[in-house]
Amino acid sequence: MASSTTYGDWMRRIPGGLRNIGMPLTFAGFGVALLSVFVLTASPVAGVAIAVVGFGVIAVLAVRDRQHRNVVDRVSERVSFRRQARTGRGLYRGGFLGFTDEGSAALPGVLSKVGLVEAVDGLGNPFCLVRHGRTGEYALLLRCHPQGAGLADDDVEDAYVASWARLMESLAVEQGVTQMSVTVDTSPDSGIRFRRVLGEHLVEDAPELASRAMAQIMMLYATGGARNDVTVTLTFKYLDARGRYLDAEEAARRISLMLPDIESKLAAAGGGDARPLDADQVARMVRACYDPDAQEVIESSSEPPYVAWEDAGPVAAVADWDWYRHDSGVSRTWEMCDPPRSNVTSSTLSRLLEPLPDCDRKRVTIVFHMLSPDRTTYLAEQNRTRAAAQVGQEKRATMGSVTQVGKADRQAVEINKGAVMVFFGLLVTVTVRAGVDEAVRLEAACRAVESAAGASKIDLRPCYGAQDTGFAASLPLGVNLQTYAPPSLMGSLLR
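Residues numbered from 1 in each chain as written. Predicted model: local features only at pLDDT ≥ 70, side-chain atom pairs only at ≥ 80, totals over all residues. Heavy atoms only, no water.

The next thing to look at is the packing of aromatic side chains. Counted according to the given criterion, the structure contains seven aromatic pairs. A ring pair is formed by Trp10 and Phe424, whose centres lie 6.2 Å apart and whose planes are at 65°; its orientation type is edge-to-face. Residue Trp10 is located in the segment before helix 1 (23–42), and its partner Phe424 is located in strand 12 (residues 422–433); the two are separated by 414 residues in the primary sequence. Since its relative accessible area comes to 26%, Trp10 is described here as partly exposed. The interplanar angle of 65° and the centroid separation of 5.2 Å between the aromatic rings of Phe81 and Trp321 together place this pair among those described as edge-to-face. With Phe81 in helix 3 (residues 71–87) and Trp321 in the loop between strand 8 (316–319) and strand 9 (324–326), the pair connects residues that are 240 residues apart, well separated along the chain. With relative accessibility at 16%, the residue Phe81 sits in the buried group. Joined through ring pairs, the aromatic side chains of Phe81, Trp321 and Tyr464 make up one cluster. (Phe/Tyr/Trp six-rings, centres within 6.5 Å; stacked < 30°, edge-to-face > 60°. Helix = DSSP H or I, 4+ residues; strand = E, 2+ residues; numbered from the N terminus. Buried < 20%, exposed > 50% of the residue type's maximum accessible area, 1.4 Å probe, protein only.)

Taken together, Asp101, Glu102, Glu310 and Asp311 make up a surface patch of like negative charges. Along the polypeptide, Glu310 turns up in the loop between helix 9 (294–300) and strand 8. (Patch = residues over 30% accessible without salt bridge, like charges linked within 9 Å, V, L, I, M, F, W, Y side chains within 5 Å. Areas by Shrake-Rupley, 256 points an atom, 1.4 Å probe, with all protein chains shown as cover. Salt bridge = Lys/Arg side-chain N within 4 Å of Asp/Glu carboxyl O. Lys, Arg positive; Asp, Glu negative; His and termini not counted. Charge placed at Lys NZ, Arg CZ, Asp CG, Glu CD.)

Next up on the list: helix 1. Between the first and last C-alpha of helix 1 there are 30 Å, a value that for 20 residues agrees with the 28 Å anticipated at 1.5 Å per step. The inward-facing, buried residues of helix 1 contact helix 2 (44–62). (Expected span 1.5 Å × (residues − 1). Contact = heavy atoms within 4.5 Å.)

Let us look at the pattern of salt bridges. If you walk through the whole model with that rule in mind, you get 23 salt bridges. One salt bridge in this structure joins Arg244 and Asp240, with 3.4 Å as the shortest N-O distance. On the basis of relative accessibility, which here comes to 47%, the residue Arg244 falls in the partly exposed class. What makes Asp240 partly exposed here is its relative accessible area of 24%. When the shortest N-O distance is used, the salt bridge between Glu263 and Arg275 registers 3.6 Å.

Attention shifts here to empty space enclosed by the protein. Over the atoms rolls a probe the size of a water molecule, and its path tells where empty space is left. Within the structure shown, the criterion is met by two cavities of 30 Å³ or more. Here the second largest cavity is characterised by a volume of approximately 60 Å³. Lining the second largest cavity are Val110, Val114, His132, Gly133, Arg134, Thr135, Glu137, Val479, Asn480 and Tyr484. (1 Å grid on protein atoms, 1.4 Å probe; cavity = no way out; pocket = protein on both sides within 12 Å on 5 of 7 lines; lining within 4 Å. Points joined across faces, edges and corners; volume = space filled by probe spheres on them.)

Nonpolar side chains in soluble globular proteins tend to end up buried together. Met180, Val449 and Leu460 are the most contacted members of the largest nonpolar core, which totals 54 residues. The residues contacting Met180, other than those within four sequence positions of it, are Trp164, Leu167, Met168, Leu171, Val232, Thr233, Leu234, Ile366, Val367, Phe368 and Met370. Core analysis: the second largest hydrophobic core is formed by 33 residues, Leu141, Val307, Ala319 and Phe471 among them. (Core = buried A, V, L, I, M, F, W, Y, C linked by side-chain atoms within 4.5 Å.)

With 18 residues, helix 13 (residues 438–455) extends 26 Å between its outermost C-alpha atoms, agreeing within 8% with the 26 Å of an ideal straight helix rising 1.5 Å per residue. Within the span of helix 13, buried status applies to Glu438, Leu442, Ala444, Ala445, Cys446, Ala448, Val449, Ala452 and Ala453. Close packing links the buried residues of helix 13 with strand 9, strand 10 (329–338), helix 10 (350–353), strand 11 (361–370), strand 12 and strand 13 (459–462). Trailing helix 13 by a residue or two, Lys457 shows a phi angle of about 65°, which is positive.

Before going further, it helps to examine the environment of Val428. Summarising the element assignment, Val428 is placed in strand 12. Aside from chain neighbours lying at most four places away, what touches Val428 is Arg332, Thr333, Trp334, Leu352, Arg363, Val364, Val449 and Leu460.

This part takes up the pairing of strand 4 (residues 137–144). A large share of strand 4 lies buried, amounting to eight of its eight residues. Connecting strand 3 (residues 126–132) to the antiparallel partner strand 4 that follows it, the hairpin turn spans four residues, and Gly136 within it adopts a positive phi of roughly 75°. Across seven bridges, strand 4 lies against strand 6 (residues 226–236) in antiparallel orientation. By the bridge assignment for strand 6, Leu140 is matched with Leu234. (Pairing = 2+ DSSP bridges.)

Below, the discussion takes up unusual backbone geometry. Here Asp327, not a glycine, exhibits a phi torsion of approximately 50°, which is positive. The topology assignment puts Asp327 in the loop between strand 9 and strand 10.

Turning our eyes to something else, we now look at the side chain of Thr376. Counting through the fold element by element, Thr376 comes out in helix 11 (residues 373–393). Residues in contact with Thr376, not counting those within four places in the same chain, are Leu371, Ile415, Ala419, Val420 and Met421.

Before going further, it helps to spend a moment on the environment of Leu107. Its place among the elements puts Leu107 in the loop between strand 1 (91–93) and strand 2 (114–120). Judged by relative accessible area, which is 5%, Leu107 ranks as buried. Counting along the chain gives 202 residues from Leu107 to Trp309, while the straight-line C-alpha distance between them is 8.7 Å. Ignoring anything within four residues of it in the chain, the contact list for Leu107 reads Ser112, Val286, Tyr290, Trp309, Ala312 and Gly313.

So, on to the pairing of strand 2. In the sheet, strand 2 pairs with strand 3 via seven bridges, with the strands oriented antiparallel. Pairing of Val117 across the sheet is with Leu129, part of strand 3. The hairpin formed by strand 2 and strand 3 contains five residues between the paired strands, and Gly124 there has a positive phi angle of roughly 85°.

Per-residue pLDDT for the chain averages 85, and the proportion of residues at 70 or more is 92%. Here residues 486–495 is modelled with pLDDT under 50, and outside its nearest four sequence neighbours on either side it reaches 35 contacts, counting other chains as well. (pLDDT = per-residue confidence, 0-100.)

In structure tokens form, the structure reads like this:
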């Protein structure tokens, strides 16, 4: 039973300027007006022409579609993809027949400079950090086992939400934390682990009836299920007094000091027993995402096989306009354009997170950027000022502008109580097995995802022209799109 508590009042950052077209376009409009006035004194026709052309261009750029993009965004998206297709940047070949060093199957694209750092915390427990060589950031991966809220009382569920808010507030004031993400990876359970665990408990002298009952259980319940892997990823960026990136050893030491507190707060927020992943687990997880057929091979052995990080990537990958082919899988990734416009309950995302028909594998990643308290206060006051200015510029205030004022006021009230402002985005990746009728099966899986997103009141848009980057960003590896935006990624996937 879901809690009756509702959540909402999400809002985009108000751009400001005249009619909220943004400060750059507003300044450009003033510049066109001044230029046309000066030219009018010398040539009235030229002054009028400058005003008509200038204000016309500004009007075209100010018009945005329901996905918050103007004509320049759409054109540059197409041009960037054509340039990528022409130069072959969307193609990747690894292995012995590829172009990588030593015939390895390294990670492609934005993950090409990503490595693993093994460390030990204060209690002697090993953990792994994902190092992003292009940005100098480190990511800590924590595998969680949430108990869910299906049988939890309303007060328990509300306590989970409050504990999650306290976790984000604590991370907002923690030096070096740049991002947090939660990834829910849903894939079909092959039943191999189930049969292996039950087989380990069978004894040779068991009664015949018990043996037959166990055999039937292993046959009936081993297939048809789904496994859900929940991973919380924290991204850190540390600089020394000279503005240089800290080395891996010092970064691991600082992060290890935070581990006990993070694990306890995740448990209080309903995350269950949170434990950091080691290097072998991270490599196997990434390998199964790029090659879905490898998951059964990994699970079939009593001891998981060793997967080197240099071979965790695909042997071949092709990024097209709206799909991404990688080894034995074909995927499509969406980004969230807008959050739910109305208030929601804690169970709103359950349809999108649960296993869906026609989807061989589905991954939902929610990305959070917590702002510091001083930055939060500044943006809250800025939103209130811009929302009030928008109402003042309208002869008859629209419902949308009045609603923005109410949201900005309630936001300021919560911030005065100690809350922090959080920017968040959502990425969804669906994967089907490559093979016969893969295009038909991919479209069926996409319809299932879009239907679930509609039920969850989430507005999704495919990552056109950036499917490879969207796929990498949805992996629980801590890719921070605000600090690393490759040329092939037009605009930010994080809204």
